[in-house]
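Spelled out from the first residue to the last, the chains are:
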Amino acid sequence: MSLSRRSFAAGALLGAAALRPALAADGGETLLADLEGLGDIVPAVEAYVYGYSLVTMELTRRVMTNVATAEGKRAPMGQFMRARSYPDASYRDVTAPNADTLYTTAWVDVGTEPMVLSLPDMKGRYFLFPMLDAWTNVFQAPGTRTTGTGAQTYAITGPGWGGTLPPGVVELKSPTAMIWILGRIYCTGTPEDYAAVHALQDACALVPLSSYGKQYTAPPGEVDPSVDMKTAVRDQVNRLDAVAFFGLLAELLKTNPPAPADKPMLATLARLGIVPGQDFDKSKFNVDFAKRVPQIGFDRIMLHYKLSDGDIQTVNGWAFTTKTGQYGTNYVQRALVTVIGLGANLPQDAVYPFSEKEGNGNGYSGASKYVVHFAKGATPPAKGFWSITMYDKNYFFVANPLNRYSISMRQNPKFNSDGSLDLYVQNESPGPDKEANWLPAPQGAFILMMRLYWPDAAPPSVLDGSWAPPPVVAA
């Protein structure tokens, strides 16, 4: 979405809670004029929103790779982190975890040399290995939908690389030096299926091009004690003042260049002392705004959830977007997705409706019982799989006697005699005869998230709005 300077300024203002009373008096025109007279602050807020994804990716990379060897959810640069099981209700590292796919992920620098990615024959199993550039755009998405499930070998090359590749190795060109491979392999979670997926994970390989076809042992990672490994990345980003933020942005632009479509934004950056390939010239930035710019900038990002001009849809109490993975010049949408769902897929690969309220607008509570009713033939239209996951109010799994955190077709739910399907969302068991259809809820507030992997493109489809999740209703 392209925003004029005036409309962006209005959005920035609306995002600042302290300014809302004044806005109500005259529609914001007087205050808007005042803001537009403040010189650097409006372009600085624009630049902040523009760079939010890139800075967040870098701080995420630092935390996730700051280990000597692969362990838990982290691995050194250029090495795979292989999640071996689904998290349980005690897991608190990342919000909105999933219980459908096991992650096989890696952070890679292809600025000096390509990296060769080898994927094994998945034997018909659903998988997806999207590759995100430093700006969170998905530039390639090998997987069942796009490339099939046979063995595959790719060389991921960086900006400006022009060498030759061995026979049988397909080039995937990244527009930035920093990339994030976010592999997912479907798993039912049984001991037998865990073992099968572990074998596939172990067969996924990453090696520098110069070592391809040779014996290769990844070097140990370098641990930087200055990296904050405890504070959530979002909080680390948000506490940077504008000088630190723009300094890091300028440094990252040296190896992660702007897209050609970003050319108009470069003039705004230059006005602030940010020129791709150069250090941040803070003498051009009004440092009096160092604290204020991030505050207004983040408010502007979060306000986009409500003023999104169709980027975020809400139907039957479910909110979702089909504008993910590729953002063009819609910088505020890109920043919002970074905040609420870093690493989002292309909509052709996955859509994630979530719901905090039932269809009539009341918030969910474990004190009530709810039903999700799918008419005959109207279950979520997805070629990969679909599921509904239960989270508490903080987006973490909910402890329950079945250790069931999501419900999907792998629980073999019972369909009604007319072909419809009812799923029971409640704190207590609906009875032994209905437990296959039960998604356990906490006693207090909760949130539901639906996942549609490889959603159908032909109607009915969530992609064109001809299908939407049904309302969740009180029983």
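Structural notes, computed from the coordinates. (Residues numbered from 1 in each chain as written. Predicted model: local features only at pLDDT ≥ 70, side-chain atom pairs only at ≥ 80, totals over all residues. Heavy atoms only, no water.)

A few words now on the sheet that holds strand β7 (residues 152-157). What holds strands together in a sheet is hydrogen bonding between their backbones, with the strands either parallel or antiparallel. With respect to topology, four strands assemble into an open sheet ordered β8-β7-β3-β10, the strand pairing being mixed. Every interior strand has two partners, whereas the edge strands, β8 (170-173) and β10 (205-208), have only one. Ignoring which end each strand starts from, the neighbouring axes of this sheet average 25° apart. Summarising the sheet, strand β3 (residues 115-119) and β10 pair through four bridges and their orientation is antiparallel. Each bridged residue has a counterpart across the sheet, and for M115 the counterpart in β10 is P208. (Pairing = 2+ DSSP bridges. Helix = DSSP H or I, 4+ residues; strand = E, 2+ residues; numbered from the N terminus. Axes fitted to C-alpha atoms, helices over the stretch in contact; angles between N-to-C directions.)

What follows concerns the packing of aromatic side chains. A complete count under the given rule lists 25 aromatic pairs for this structure. Between Y364 and Y370 the ring centres are 5.3 Å apart and the planes differ by 85°, which places this aromatic pair in the edge-to-face class. Judged on exposure class, the residue Y364 and its partner Y370 are both buried. Exposure remark for Y364: the relative accessible area of 4% places this residue in the buried category. Aromatic rings pair up to connect Y48, Y52, F245, F246, F280, F285 and F298 into one cluster. (Phe/Tyr/Trp six-rings, centres within 6.5 Å; stacked < 30°, edge-to-face > 60°. Buried < 20%, exposed > 50% of the residue type's maximum accessible area, 1.4 Å probe, protein only.)

For the pair helix α4 (residues 41-65) and helix α10 (residues 292-303), the least separation of the axes is 9 Å and the interaxial angle reads 60°. The orientation of α4 with respect to α10, classified from their angle, is oblique. The way α4 lies across α10 gives a crossing that is right-handed. On α10, the residues that touch I41, A44, V45, Y48, V49 and Y52 of α4 are R292, V293, P294, I296, G297, F298, R300 and I301. Taken together, the residues that form the contact of α4 with α10 break down as 11 nonpolar, one polar and two charged. (Parallel < 35°, antiparallel > 145°, perpendicular 65-115°, else oblique. Left-handed = near helix turned anticlockwise from the far one by under 90°. Contact = heavy atoms within 4.5 Å. Nonpolar A, V, L, I, M, F, W, Y, C, P; charged D, E, K, R; others polar.)

Further remarks concern the pattern of salt bridges. Evaluation of the coordinates by the stated rule reveals 11 salt bridges. Salt-bridge contacts for E58 lead to R62; the nearest nitrogen and oxygen are separated by 2.8 Å. Linking E58 with R62, this pair stays in helix α4, spanning four residues, or about one helical turn. For R62, a relative accessible area of 31% translates into the label partly exposed. As a salt-bridge pair, D202 and R84 come within 2.5 Å of each other at their nearest N and O atoms. Here R84 lies in the loop between β1 (81-82) and β2 (101-109) and D202 lies in helix α6 (residues 191-203), a separation of 118 residues in the sequence. For D202, a relative accessible area of 46% gives the class partly exposed. (Salt bridge = Lys/Arg side-chain N within 4 Å of Asp/Glu carboxyl O.)

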